[in-house]
Amino acid sequence: MDYKKIVAEQIHKTISEHLSFEEIYKMIEVPKYAEQGDLAFPAFSLAKVLRKAPQAIAQEIVEAVSDEHISKAEAMGPYANFFLSKGKFADETLHTVLEQREDYGNFDFGQGRNVVVDMSSPNIAKPMSMGHLRSTVIGNAIVNLEKKVGYNPIKVNHLGDWGTQFGKLIVAYKKWGTKEAVEQDPIAELLRLYVKFHDEAERDSSLEDEGRAWFKKLEDGDAEAEELWNWFKSESLKEFNRVYDILGITFDSYNGEAFYNDKMDPIVEYLENNGITTIDRGATVVHLDKYDLPPALIKKSDGATLYMTRDLAAANYRKNTYDFAKCIYVVGMEQSNHFKQLKAVLKELNLPWSENIVHIPFGLITLNGKKLSTRKGKIILLEGVLKEATELALKQIEAKNPSLENKEAVAHAVGVGAVIFHDLKNDRTNNFDFALEEVVQFEGETGPYVQYTHARAMSILRKANHTVDTKEAFSLTDDDAWEVLKLIENYPNVVRFAEEKCEPSAIAKFVINLAQAFNKYYAHTKVLVEDEAFNSRIALVQTTASILKQGLALLGVAAPDEM
């Protein structure tokens, strides 16, 4: 039920000559304070047209209201304020959710069309660090939201498996590494070699030349270089997949940078044939002055390709392969300029799908306010953080509920969920500092708090041992139930907003608000008393549990039934 629409129809009766239904609908807002009603219409904009005071216009609007869904309408200054009928609202909202179940909040905007989501994209031969968390979990939540609104998402892990760094790593391995050391602990040893190379190169710059020379060998198909590169890649993928398994995330494609090696010459030729490239000091560029952007460098003067060349080839391949409605890149904010250039070059080619290239930037995770750097060896391993979070969760579970069955599985869901939730509750463009002890708390605005609220609701349902009778009318009119019901009714709007803005934090904030409202309701209400409102109260508990579980699932967080 769209209550905003009902209110807009009532307003439209009075002012239809001056504002369209759509204009009225957009102007309706939620008052700041509950005593001012549930929905409000500001009459300021009509004062000049009607040559009346806004207060008088508001009074005329409320006097014409007549609808069973509106219990009261009042003019408060220049606002027409509307109070919804609580009993009717409760009945319709609870019946809708109980009938639709996990489909509640679904839309069909996508109509089954493909959406490519480029996410995670770690570099081969480097460990998965906390720095990889954001792209991975934001991307996964966006995938879930796209599916919720009717798209078919395709998860692409564009691995960093090409570039001069592999020449450097080969040099480091040949100088200071051994096969045994790499086999014993592949990623830790490869990282040690990578860091050592940069330390040594600061003292001996000739090492950089050696690194470039070995990468050239790799590009030219040298057997030894290719063998080492493939070995580094396979060992890295084992580690990555172990971390993805912990997070519960899968991918549809692992086509990384190397996959596009044979697809770049055709794209450069295509750019040249369309007459949009120029030669500038030997380099091939596309000038983007009209977009207020610096030139996009397509080929260096020595003929070497760049990220731009590769991303153009990748975008073209993805369009041809998946015919995407959108291609979403979940990549840090520092790459914003690059993606503006990518989109602008595709526009210069007059490709209509250039409009469907979407960069979703995000801020940094810092530690004590400082950026993490792989090159300097200042990293926090993601797998280590997830394991530590699980251990912290287990300690709290053992203290609160020592007899709980499947403690380890619940601790995994809570610990891993806490790390994911903490990332996603922050607006994605904001930086945030990470402190594990604050993240795995059962109180406050945390994932475990929301999970615990869901488990509490499930516990109430087990104790009630009652099958909700959906043939009955539901009636809940107390203030605490009203706050929960308003949130539940608004859930589809939150889903819609989160998907439109690619902003998972909207869902995280919603489930925190719902958990807080439900806990307040439970603290003030004797839910399990078997009176005439018992069926309605249990319906509210069941519905709350369902929406909390759904919201957490959209974020990629599990909701245990017991904690």
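In this text, all values refer to a predicted model and were calculated from it rather than measured experimentally.

What about the packing of helix H19 (residues 479-501) against helix H21 (residues 534-555)?
Right, so step 1: With their axes 11 Å apart at the nearest point, H19 and H21 run at an angle of 35° to one another. As for how H19 packs across H21, the hand of that crossing is left-handed. Contact with H19, carried on its side by Ala 481, Val 484, Leu 485, Ile 488, Tyr 491 and Val 495, involves Leu 540, Thr 543, Thr 544, Ile 547, Gln 550, Gly 551 and Leu 554 of H21 and no other residues of that element.

Looking at the sheet that holds strand E2 (residues 70-76)
Right, so step 1: What the 3 strands build is an open sheet, ordered E1-E3-E2; its pairing is antiparallel. Of all strands in the sheet, those bounded by a partner on one side alone are strand E1 (39-42) and E2. Here the average twist between neighbouring strands, direction ignored, is 20°.

Here we look at the environment of Pro 127
Right, so step 1: By secondary structure assignment, the location of Pro 127 is in the loop between strand E4 (114-118) and helix H6 (133-148).
Right, so step 2: Using a relative accessible area of 4% as the deciding quantity, one classes Pro 127 as buried.
Right, so step 3: As for Pro 127 and Leu 297, which are separated by 170 residues in sequence, their C-alpha atoms are 30 Å apart.
Right, so step 4: In this structure, Pro 127 is in contact with His 132, Ile 187, Leu 191, Glu 239, Ile 379 and Leu 381, ignoring residues within four places of it in sequence.

A word on the pattern of salt bridges
Right, so step 1: Using the criterion set out here, one finds 34 salt bridges in the structure.
Right, so step 2: A salt bridge links Lys 196 to Glu 200, with the nearest nitrogen and oxygen atoms 3.3 Å apart. Highlighted residues: Lys 196 and Glu 200, both in helix H9 (residues 186-203), separated by 4 residues, approximately one helical turn.
Right, so step 3: For Glu 200, a relative accessible area of 22% corresponds to the partly exposed category.
Right, so step 4: The partner of Asp 220 in a salt bridge is Lys 216, with the nearest N and O atoms 2.9 Å apart.
Right, so step 5: Linked through salt bridges whose partners overlap, the residues forming this network are Glu 239, Arg 242, Glu 383 and Lys 387.

A short note on the nonpolar core
Right, so step 1: Counting residues in hydrophobic clusters, the biggest one holds 150 residues, and the most contacted among them are Phe 41 and Phe 232.
Right, so step 2: Val 268, Ala 296, Tyr 322 and Ala 344 belong to the second-largest nonpolar core, a separate cluster that totals 32 residues.

Here we look at the packing of aromatic side chains
Right, so step 1: Across all of its chains, the model carries 21 aromatic pairs by this definition.
Right, so step 2: Consider the rings of Tyr 3 and Phe 89, whose centres lie 4.7 Å apart with planes at 35°: the pair is tilted. Pair noted here: Tyr 3 is in helix H1 (residues 3-15) and Phe 89 is in helix H5 (residues 86-100), with a separation of 86 residues, a long-range link.
Right, so step 3: Assessed through its relative accessible area of 4%, Tyr 3 is described here as buried.
Right, so step 4: Ring centres of Phe 324 and Trp 353 lie 5.7 Å apart, and the angle between their planes is 85°; on these two criteria the pair is classed as edge-to-face. A residue pair is termed long-range when its members are at least 10 positions apart, and Phe 324 in the loop between helix H13 (307-322) and strand E9 (326-330) and Trp 353 in the loop between helix H14 (336-348) and strand E10 (357-360) qualify at 29 residues. Trp 353 shares its class with Phe 324; the two are buried.

Topic: H14
Right, so step 1: An ideal rise of 1.5 Å per residue puts 18 Å on 13 residues; H14 measures up with 18 Å between its terminal C-alpha atoms.
Right, so step 2: Buried within H14 we find Ser 336, His 338, Phe 339, Gln 341, Leu 342, Ala 344, Val 345 and Leu 346.
Right, so step 3: Structurally, H14 contributes buried residues whose contacts are with helix H12 (264-273), strand E7 (283-286), strand E8 (296-299), H13, E9 and E10.
Right, so step 4: Just downstream of H14 lies Asn 350, where phi reads positive at about 60°.

Some details on the state of the cysteines
Right, so step 1: For the structure on display, the rule yields 0 disulfides.
Right, so step 2: Free cysteine: Cys 327, not disulfide-bonded; nearest cysteine sulfur from Cys 502 at 12 Å.

Re a negative patch on the surface
Right, so step 1: A surface patch of negative charge is lined by Glu 388, Glu 391, Asp 433, Glu 437 and Glu 438.
Right, so step 2: Assignment of secondary structure puts Asp 433 in strand E13 (residues 432-433).

Digging into the sheet that holds E7
Right, so step 1: Strands sit in the order E6-E7-E8 across an open sheet of 3 strands; the sheet is antiparallel. The open sheet terminates on both sides in strands that have one partner only, identified here as strand E6 (278-280) and E8. Neighbouring strand axes in the sheet, compared pairwise and without regard to direction, differ in orientation by 45° on average.
Right, so step 2: Direction of pairing for E6 relative to E7: antiparallel, over a ladder of 3 bridges. Residue pairing for E7: Asp 280 is matched across the bridge by Ala 283.

Conventions and cut-offs
- Residues numbered from 1 in each chain as written.
- Predicted model: local features only at pLDDT ≥ 70, side-chain atom pairs only at ≥ 80, totals over all residues.
- Heavy atoms only, no water.
- Axes fitted to C-alpha atoms, helices over the stretch in contact; angles between N-to-C directions.
- Helix = DSSP H or I, 4+ residues; strand = E, 2+ residues; numbered from the N terminus.
- Left-handed = near helix turned anticlockwise from the far one by under 90°.
- Contact = heavy atoms within 4.5 Å.
- Pairing = 2+ DSSP bridges.
- Buried < 20%, exposed > 50% of the residue type's maximum accessible area, 1.4 Å probe, protein only.
- Salt bridge = Lys/Arg side-chain N within 4 Å of Asp/Glu carboxyl O.
- Core = buried A, V, L, I, M, F, W, Y, C linked by side-chain atoms within 4.5 Å.
- Phe/Tyr/Trp six-rings, centres within 6.5 Å; stacked < 30°, edge-to-face > 60°.
- Expected span 1.5 Å × (residues − 1).
- Disulfide = S-S within 2.5 Å.
- Patch = residues over 30% accessible without salt bridge, like charges linked within 9 Å, V, L, I, M, F, W, Y side chains within 5 Å.
- Areas by Shrake-Rupley, 256 points an atom, 1.4 Å probe, with all protein chains shown as cover.
- Lys, Arg positive; Asp, Glu negative; His and termini not counted.
- Charge placed at Lys NZ, Arg CZ, Asp CG, Glu CD.

Nothing here speaks to function; it is all geometry.
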